[in-house]
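# Remarks on the overall topology
In case you want the letters, here they are:
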Amino acid sequence: MTNAIPQETIQIANANLSRAIPFFFTDKPKHDPLTVSKFAIQTEDERNYYNTLSRKQDEGSGMDAFTMEMYNALLEKFLSEGNTRNAALLILAGNWGTRFGDTVSVRYCHIFDENGRLRKSFSLPSGEDKTNKKNVYYNNEATRWIIQRLLAENPDKTRDDYIFTSNSRNKPMVDLVEVEAKEIFGVEIERAEKQLAEVESKKQKVYDLYYAGIINQEKLVEQLKYLDGFEASYKNSVRLAKDNLKKYSNPVSDGKQIQKKMSHTAAEDIIKDGLAELGIFGKNCKKGNKPNCDGKYNTHSFRKTFGKFFYTRGVELKDRGILTIDPDVLVLLQKKFMHSDSKITQRYDSHTEEAFEIICTNLNLGLDVLENFKPKFEQISF
C-alpha cells in the first residue's frame with residue numbers, strides 16, 4: 001500500500017498555488033528543501049544589502065566563544081606586534097571570566113594587596129557590572145605573566161590606575177575621588193533604582209488585573225498601598241546613596257586624576273580588526289567586510305570562551321585525579337559566572353568554591369603562547 005498523494009490532488013494544488021508564488025506541490029519526501037527561484041539574489045548589490053539585513057537580525061542573539069586556535073592566533077599576533085595591552089585583554093578577560101564592564105573596571109589596587117603582592121583572588125568593590133553580585137576572580141600563571149609584562153612596559157602606573165585605558169592621543173582623565181565614590185556608592189544606587197523599576201512593573205500588573213476584572217477595587221487599593229511602602233523605601237535608599245556619593249571625599253585622592261578606562265568601542269575594534277587581519281570575518285564583522293564564518297565575536301566572547309574551556313579543564317583535572325567532583329557539580333561550577341537563577345546560588349557552597357578555584361588557577365588560557373615569548377621579555381618580580 002502506498003502513501004502517494006493522488007495525481008488529481010496535486011494538479012488542483014498546483015493550479016491554486018501557481019497564482020501566488022511559483023513553486024509546486026509534488027509527491028516528494030518532506031525533507032526536500034523548499035526552493036523559490038524568484039527569491040534568489042541576482043546582483044552583488046542585492047547580496048550586500050540582504051547580508052546587512054541578516055547581520056542586523058543576528059545582533060540580538062548571543063556571541064560565540066573563540067576556538068582555541070582562534071584565541072591563540074589572535075594572542076600570538078598581538079604579542080608579535082609588541083601590543084601587550086591587547087594581549088592582556090585576551091588573557092585577563094579569558095582567564096578571569098569577567099564581563100567587559102568588569103574587566104575594564106579593574107584597577108591595580110583591586111589585584112594587589114597592601115604589601116604590593118599580586119592577590120591570588122580578588123573581587124570588585126561594586127560587584128559585577130550587570131548583576132551587582134559579588135564574584136571572586138582568580139589569578140593563575142597566565143594572568144600573572146601578562147600583568148608582569150604590562151608593568152614592565154608601563155613603570156609609571158600606580159595602584160590607582162585602571163589596567164585597561166584608552167590609547168587615544170588626548171588621554172581623557174577622570175577625578176580619582178569620583179571613581180572611588182562610584183565604586184563605593186554606585187552599586188547601592190543601581191540596586192535601589194532597579195528595585196524601584198521592579199515595583200513600578202508590579203504596580204502595572206496590579207492595574208492590569210483590575211482592568212481585566214480579576215481583582216476588585218478594594219484589592220487594587222490594598223495591593224497598591226503595599227507596593228507604595230516598598231517604593232518609598234527604595235526612593236529613600238536612592239536619595240541617601242546619591243547624597244553619600246556627592247559628599248564623598250578622600251584627602252589622599254583629592255586632586256588626583258587617572259586616565260579613563262578603555263571604551264567598549266575601542267575593545268570591539270581590537271577584536272574585530274585583529275580577527276580581520278587573520279582573515280576571520282564573523283557574522284557581526286565591521287560594515288564593508290563580508291562574513292566568511294558562522295561565528296559572532298565581540299567583547300562577550302571572552303566570557304563565553306572562559307565558560308567553554310572552564311568545563312573542558314574541569315573534566316581534565318577530574319580525570320587526572322586533581323579534582324574530586326561529580327559531573328552535576330561541574331556543570332554548576334561552569335554556571336557560576338553565567339547564571340541568574342537564585343537556586344544555583346543557593347546550591348553553591350565553600351566546597352564548590354574550592355573546586356572552582358582549582359579549575360580557575362589551572363585554566364591558564366593562552367599560557368602556551370606566552371611561554372614562547374618569555375625569553376624575549378625582561379621579567380620583574382612582585
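Residues numbered from 1 in each chain as written. Predicted model: local features only at pLDDT ≥ 70, side-chain atom pairs only at ≥ 80, totals over all residues. Heavy atoms only, no water.

### Details of the overall build of the protein chain
- Across its full length, the protein chain carries 15 helices and 4 strands.
- Considering the protein chain as a whole, with its 382 residues, one finds that 41% of them fall into the buried category.
- Of the contacts made within the protein chain by residues no fewer than 6 positions apart, 71% connect residues no fewer than 24 positions apart.
- When the accessible surface of the protein chain is totalled, it reaches about 22,600 Å², and 50% of it is carbon and sulfur. (Helix = DSSP H or I, 4+ residues; strand = E, 2+ residues; numbered from the N terminus. Buried < 20%, exposed > 50% of the residue type's maximum accessible area, 1.4 Å probe, protein only. Contact = heavy atoms within 4.5 Å. Areas by Shrake-Rupley, 256 points an atom, 1.4 Å probe, with all protein chains shown as cover.)

### A closer look at helix H8 (residues 176-211)
- Spanning 36 residues, H8 covers 51 Å between terminal C-alpha atoms, matching the ideal 52 Å at 1.5 Å per step.
- The largest bend in H8 comes to about 50°, at Phe 185.
- The positive-phi residue at the C-terminal boundary of H8 is Gly 213, with phi of around 80°. (Expected span 1.5 Å × (residues − 1). Bend = angle between axes of the 7 residues up to and from the residue.)

### Some details on the nonpolar core
- Ranked by internal contacts, the top residues of the largest apolar core, which has 57 residues, are Ile 111, Ile 146 and Ile 163.
- Top contributing element to this core by residue count: helix H4 (residues 84-96), with 8 residues.
- Val 199, Leu 224, Tyr 234 and Val 238 belong to the second-largest nonpolar core, a separate cluster that totals 10 residues. (Core = buried A, V, L, I, M, F, W, Y, C linked by side-chain atoms within 4.5 Å.)

### Some points on the packing of aromatic side chains
- Scanning all chains against the criterion turns up 14 aromatic pairs.
- Between the aromatic rings of Tyr 108 and Phe 112, the centroid separation amounts to 6.4 Å while the plane-to-plane angle is 40°, which identifies the pairing as tilted.
- Assessed through its relative accessible area of 8%, Phe 112 is described here as buried.
- Members of the aromatic cluster, each reached through a chain of ring pairs, are Tyr 138, Phe 306, Phe 310 and Phe 356. (Phe/Tyr/Trp six-rings, centres within 6.5 Å; stacked < 30°, edge-to-face > 60°.)

### Here we look at the pattern of salt bridges
- Inspection of every chain in the model, using the stated rule, returns 17 salt bridges.
- Glu 178 is the salt-bridge partner of Lys 182, the closest N and O atoms lying 3.3 Å from each other. Placement of the pair is Lys 182 and Glu 178 together in helix H8, with a separation of 4 residues, close to one helical turn.
- In the salt-bridge network here, residues are joined through shared partners; they are Lys 77, Glu 81 and Glu 277. (Salt bridge = Lys/Arg side-chain N within 4 Å of Asp/Glu carboxyl O.)

### Section: H4
- Here H4 contains 13 residues, and its C-alpha end-to-end distance of 17 Å stays within 8% of the 18 Å for a straight helix at 1.5 Å per residue.
- The buried fraction of H4 amounts to 13 of the 13 residues, a majority that puts the element mostly inside the structure.

### Quick word on the side chain of Ser 301
- Take Ser 301: it is sitting in helix H11 (residues 300-319).
- Taking the relative accessible area as the measure of exposure, Ser 301 reaches 0% and is therefore buried.
- Residues contacting Ser 301, with those up to four places away along its chain left out, are Met 63, Asp 64, Ala 65, Phe 66 and Lys 296.

### Thoughts on the packing of H4 against helix H7 (residues 141-153)
- Where H4 contacts H7, the axes come no closer than 9 Å and their chain directions differ by 150°. Considered as vectors, H4 and H7 are oriented roughly antiparallel to each other. For the pair H4 and H7, the crossing hand works out as left-handed. In contact with Thr 84, Arg 85, Ala 87, Ala 88, Ile 91, Leu 92, Asn 95 and Trp 96 of H4, H7 contributes Ala 142, Thr 143, Ile 146, Ile 147, Arg 149, Leu 150 and Glu 153.
- Of the residues contributing to the contact of H4 with H7, the split by class is 9 nonpolar, 3 polar and 3 charged. (Axes fitted to C-alpha atoms, helices over the stretch in contact; angles between N-to-C directions. Parallel < 35°, antiparallel > 145°, perpendicular 65-115°, else oblique. Left-handed = near helix turned anticlockwise from the far one by under 90°. Nonpolar A, V, L, I, M, F, W, Y, C, P; charged D, E, K, R; others polar.)

### As for the confidence of the model for the protein chain
- With 75% of its residues at a pLDDT of at least 70, the protein chain reaches an overall mean of 82.
- Counting contacts from residues 16-33, a segment whose pLDDT is below 50, to residues more than four positions away or on other chains yields 16 contacts.
- Within the model, pLDDT remains below 50 along residues 56-60, and this stretch shows 3 contacts once partners closer than five positions in the same chain are excluded. (pLDDT = per-residue confidence, 0-100.)

### A short note on the state of the cysteines
- Tallying each qualifying case throughout the model produces 0 disulfides.
- The cysteine Cys 293 is free of any disulfide, with Cys 285 supplying the nearest cysteine sulfur at 8.1 Å.
- With relative accessibility at 24%, the residue Cys 293 sits in the partly exposed group. (Disulfide = S-S within 2.5 Å.)

### Overview of the environment of Gly 295
- With respect to the helices, strands and loops of the structure, Gly 295 is situated in the loop between helix H10 (264-277) and H11.
- In sequence terms Gly 295 and Lys 283 are 12 residues apart; their C-alpha atoms lie 6.0 Å from each other.
- Among all residues touching Gly 295, those that are not within four sequence positions of it are Asp 64, Gly 282, Lys 283 and Asn 284.

### Notes on unusual backbone geometry
- The phi torsion at Asn 364 lies on the positive side, around 50°, for a residue other than glycine.
- By the element assignment, Asn 364 lies in the loop between helix H14 (350-361) and helix H15 (367-373).

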